[in-house]
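# A look at the structure
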Amino acid sequence: MYKSFIKPLFFRMSPEKAHYFAMGCLSLLARIPFGAFFIRLIYQYKHPLLERKVLGLKFSNPVGLAAGFDKDARWYRQLDHLGFGFIEIGTLTPKPQAGNSKPRLFRITEDNGLINRMGFNNLGVDAAVEQLKNRKGLIIGGNIGKNTLTDNAEAKEDYIYCFKTLHPHVDYFVVNVSCPNIKNLDKLQDKDFLVDLLQSLQLINERQADSKAILLKIASHLSPEQLDEIIEIVSITKIDGVIATNTTTHRNNLKTSNTVLEQIGNGGLSGQPLALNATKTIRYLREHTTDDFVIIGVGGIHSPEEALRKLEAGADLIQIYTGFIYEGPGLIKNINKALVDKTKTL
Ligand SMILES: Cc1cc2nc3c(=O)[nH]c(=O)nc-3n(C[C@H](O)[C@H](O)[C@H](O)COP(=O)(O)O)c2cc1C
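Definitions and cut-offs
Note that residues are indexed from 1 along each chain, following the sequence as it is written. Predicted model: local features are reported for residues with pLDDT of at least 70 only, side-chain atom pairs are reported and counted for 80 or more only, and whole-chain, interface and lining totals are derived from all residues. Only hydrogens and water are removed before side-chain values are computed, so all heavy atoms of the structure are retained for them. Helix numbering and strand numbering both begin at the N terminus, where a helix is a DSSP run of H or I of at least 4 residues and a strand a DSSP run of E of at least 2. As defined in this context, the radius of gyration uses C-alpha atoms, and a globule is described by 2.2 Å times the residue total to the power 0.38. Residue contacts are counted whenever heavy atoms from the two residues lie within 4.5 Å of one another. Per-residue accessibility takes into account occlusion by the displayed protein chains alone, with areas from the Shrake-Rupley method and a 1.4 Å probe. Note that His is not counted, nor are the chain ends; the positive residues are Lys and Arg, and the negative ones are Asp and Glu. In this description, the location of a charge corresponds to atom NZ of lysine, CZ of arginine, CG of aspartate or CD of glutamate. Residues enter patches when their relative accessible area tops 30% and they take part in no salt bridge; the joining distance is 9 Å for like charges and 5 Å for the nonpolar side chains Val, Leu, Ile, Met, Phe, Trp and Tyr. Criterion for a salt bridge: a side-chain nitrogen of Lys or Arg within 4 Å of a carboxyl oxygen of Asp or Glu. One heavy atom within 4 Å of a molecule or strand is enough for the residue carrying it to be called near that molecule or strand. Pairs of N or O atoms within 3.5 Å make up the polar contacts considered here, provided that, within protein, one atom can donate a hydrogen while the other can accept it, and that residues adjacent in sequence are counted only when both atoms are side-chain atoms. Classification convention: Asp, Glu, Lys, Arg as charged; Ala, Val, Leu, Ile, Met, Phe, Trp, Tyr, Cys, Pro as nonpolar; all other residues, Gly among them, as polar. Burial classes: relative accessible area under 20% of the type maximum marks a residue as buried, over 50% as exposed, and values in between as partly exposed (1.4 Å probe, protein chains only). We call Phe, Tyr and Trp rings a pair once their centres come within 6.5 Å, taking the six-membered ring for Trp, and we label the pair stacked below 30 degrees between planes, edge-to-face above 60, and tilted otherwise. Any Lys NZ or Arg CZ found within 6 Å of a ring centre and within 35 degrees of that ring's normal is scored as a charge over the ring. Following DSSP output, two strands are said to pair if at least two bridges run between them. An expected span of 1.5 Å times one less than the residue number is assigned to each helix. Whenever a helix is involved, its axis is fitted only over the stretch in contact; in every case the axis is a line through C-alpha atoms, and angles between N-to-C directions fall within 0 to 180 degrees.

### A look at the overall build of the protein chain
- Per the secondary structure count, the protein chain includes 13 helices and 13 strands.
- Here the protein chain has a C-alpha radius of gyration of 19 Å; the compact-globule value for 346 residues is 20 Å, and the two agree.
- Dimensions of the protein chain, computed from C-alpha atoms along their principal axes, come out at roughly 50 × 50 × 40 Å.
- Taking as baseline every contact in the protein chain between residues at least 6 positions apart, the subset at least 24 positions apart corresponds to 72%.
- Summing over all exposed atoms, the protein chain offers an accessible surface of approximately 15800 Å²; the carbon and sulfur share of this is 53%.
- Of the charged side chains in the protein chain, 42 are positive and 36 negative, and the gap between their average positions amounts to 8 Å.

### Comments concerning a nonpolar patch on the surface
- On the surface, a cluster of nonpolar side chains totalling about 570 Å² of accessible area is made up of Phe 34, Phe 37, Phe 38, Leu 41 and Ile 42.
- With respect to the helices and strands, Ile 42 occurs in helix 3 (residues 35-43).

### Concerning the site of the ligand
- With respect to spatial proximity, 24 residues lie near the ligand, and among them Ala 67, Thr 91, Gly 271, Gly 300 and Thr 322 are the closest.
- Take Thr 91: an N or O atom from its side chain is 2.7 Å from a nitrogen atom of the ligand.
- Contacts to the ligand include Gly 300, whose backbone N or O atom sits 2.8 Å from an oxygen atom.
- When contributions to the shell around the ligand are tallied by element, the ones reaching two or more residues are strand 3 (63-70), strand 4 (86-92), strand 6 (113-116) and strand 11 (268-271).
- Its residues assigned to classes, the shell around the ligand comprises 8 nonpolar, 14 polar and 2 charged.

### Examining the pattern of salt bridges
- For the structure on display, the rule yields 13 salt bridges.
- We note a salt bridge from Arg 286 to Asp 316, for which the minimum N-O separation is 3.0 Å. Of this pair, Arg 286 sits in helix 10 (residues 275-287) while Asp 316 sits in the loop between helix 11 (304-313) and strand 13 (317-320), and the two are 30 residues apart along the sequence.
- Taking the relative accessible area as the measure of exposure, Arg 286 reaches 15% and is therefore buried.
- Here the salt bridges do not stand alone but share partners, grouping Glu 306, Arg 309 and Lys 310 into one network.

### Focus on the packing of aromatic side chains
- Enumeration according to the criterion identifies 10 aromatic pairs in this entry.
- On the numbers, 5.1 Å between centres and 85 degrees between planes, the contact of Phe 59 with Phe 86 is edge-to-face. Here Phe 59, found in strand 2 (residues 57-59), pairs with Phe 86, found in strand 4; they are 27 residues apart in sequence, far enough to count as distant.
- Residue Phe 86 is classed as buried on the basis of its relative accessible area, which comes to 0%.
- Through pairs of rings, three or more aromatic residues link up here, namely Phe 69, Phe 84, Tyr 321 and Phe 324.
- Directly above the aromatic system of Phe 11 lies the positively charged group of Lys 7, at a separation of 5.2 Å from the ring centroid.
- The positively charged end of Arg 107 is found above the aromatic ring belonging to Phe 11, 4.2 Å away from the centroid.

### Some remarks on the environment of Gly 113
- Here Gly 113 shows up in strand 6.
- Of the residues examined, Gly 113 reaches a relative accessible area of 0% and is grouped as buried.
- Put simply, Gly 113 and Leu 254 are 141 residues apart on the chain and 9.6 Å apart in space, counted from C-alpha to C-alpha.
- Those residues within four positions of Gly 113 in sequence are excluded, and the remaining contacts are Phe 106, Arg 107, Ile 108, Ser 270, Gly 271, Pro 273, Thr 322 and Tyr 326.

### Notes on the pairing of strand 5 (residues 105-108)
- Of the two faces of strand 5, both are covered, the one formed by Leu 105 and Arg 107 as well as the one formed by Phe 106 and Ile 108.
- Summarising the sheet, strand 5 and strand 6 pair through 4 bridges and their orientation is antiparallel. By the bridge assignment, Leu 105 is partnered in strand 6 with Asn 116.
- In this structure, the hairpin formed by strand 5 and strand 6 is closed by a connection of 4 residues, where Asn 112 is found at a positive phi of approximately 50 degrees.

### What about helix 10?
- Spanning 13 residues, helix 10 covers 18 Å between terminal C-alpha atoms, matching the ideal 18 Å at 1.5 Å per step.
- Within the sequence span of helix 10, burial applies to Ala 275, Asn 277, Ala 278, Thr 279, Thr 281, Ile 282, Tyr 284, Leu 285 and Arg 286.
- Looking at the buried residues of helix 10, the elements they touch are strand 9 (213-218), helix 8 (224-237), strand 10 (241-244), strand 11, strand 12 (294-298) and helix 11.

### Quick look at the pairing of strand 11
- Of the two faces of strand 11, the one lined by Gly 268 and Ser 270 and the one lined by Leu 269 and Gly 271 are each fully buried.
- Of the strand pairs in this sheet, strand 6 and strand 11 are connected by 4 bridges, and their pairing is antiparallel. Looking across to strand 11, one finds that Asn 116 is bridged to Gly 268.

### Side note on the sheet that holds strand 5
- Reading across from one edge, 5-6-11 is the order of the 3 strands in this open sheet, with antiparallel pairing throughout. Single-partner strands in this sheet number two, and they are strand 5 and strand 11. When the angles between neighbouring strand axes are averaged without regard to direction, this sheet yields 25 degrees.

Now the structure itself:
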């Protein structure tokens, strides 16, 4: 139904309009009598074999919604009906910011991908806290960043503000220094900066009533040497692990023509073209770490097969974004069913 009726309608709109329209429809459906009940009936799939204990949390299934989709924590209650095991909000910054000028989100349908240069558009961390008050049940991750106008020399303070503000309201944290759409953000992937920042967050963590898991979201296409450095940073700072990977600036082996790519311009590529490299990154990290190093795998999961590849490569949990747009919410259930079937045959 999604691919034959709903997706063609959404894909006639600009991607950003379609996003808000889709979330408006979901919210409306969830509000009508028995609406939420029927959405859950259609999309949710529960099974004891799907349950996971990771980051000290009990996940009902390992399929999460990746950061960027519900940046302001506006729709997590409605998205919960679709059967996600967890939802990551953000990237949130201390102050609200509009992000880059539009258009800034593009479909490249021939490649089942998206290119975005959203630029951390969000209403700010304080507004997200308002949305998260009185939440129950669903596991929520808080993905944090810095304001675009904040100089890198002051970036640490931005992360600390977001961390402190969000601390009582989320279940785990993600430090995002790998978004390719914020000028000079990649400079924060420098080892000394990251060790200092993550150690400062850990100190704050220790002073709270309950400390929260911290993950680092890493860029795609990192070399083995860069991945070794990430492993070292995780070990020094004693954070819990990584989310692999963010979008990429690479444009290799795409079916989309160079003319179209040039018209689109800069931005982070997500979706199917990312799959292979993300899986390779996950496998490398798993082969070079012990089991307590948590890996959330993300990048190009558009099918149960790709989801299983990520889990077999060593991901503890997985996330989807572009696959959710192209395949629809049924993808979550299909992955979970395939996972149960696979586990039963082992
Ligand atoms: C429109 C869009 C916005 C995104 N915004 C964020 C963000 O704010 N923070 C972040 O860490 N990742 C963000 N991402 C990256 C995704 O969380 C994910 O890492 C990436 O898209 C790869 O997964 P996918 O191939 O399933 O989409 C965004 C991705 C897209 C497509």
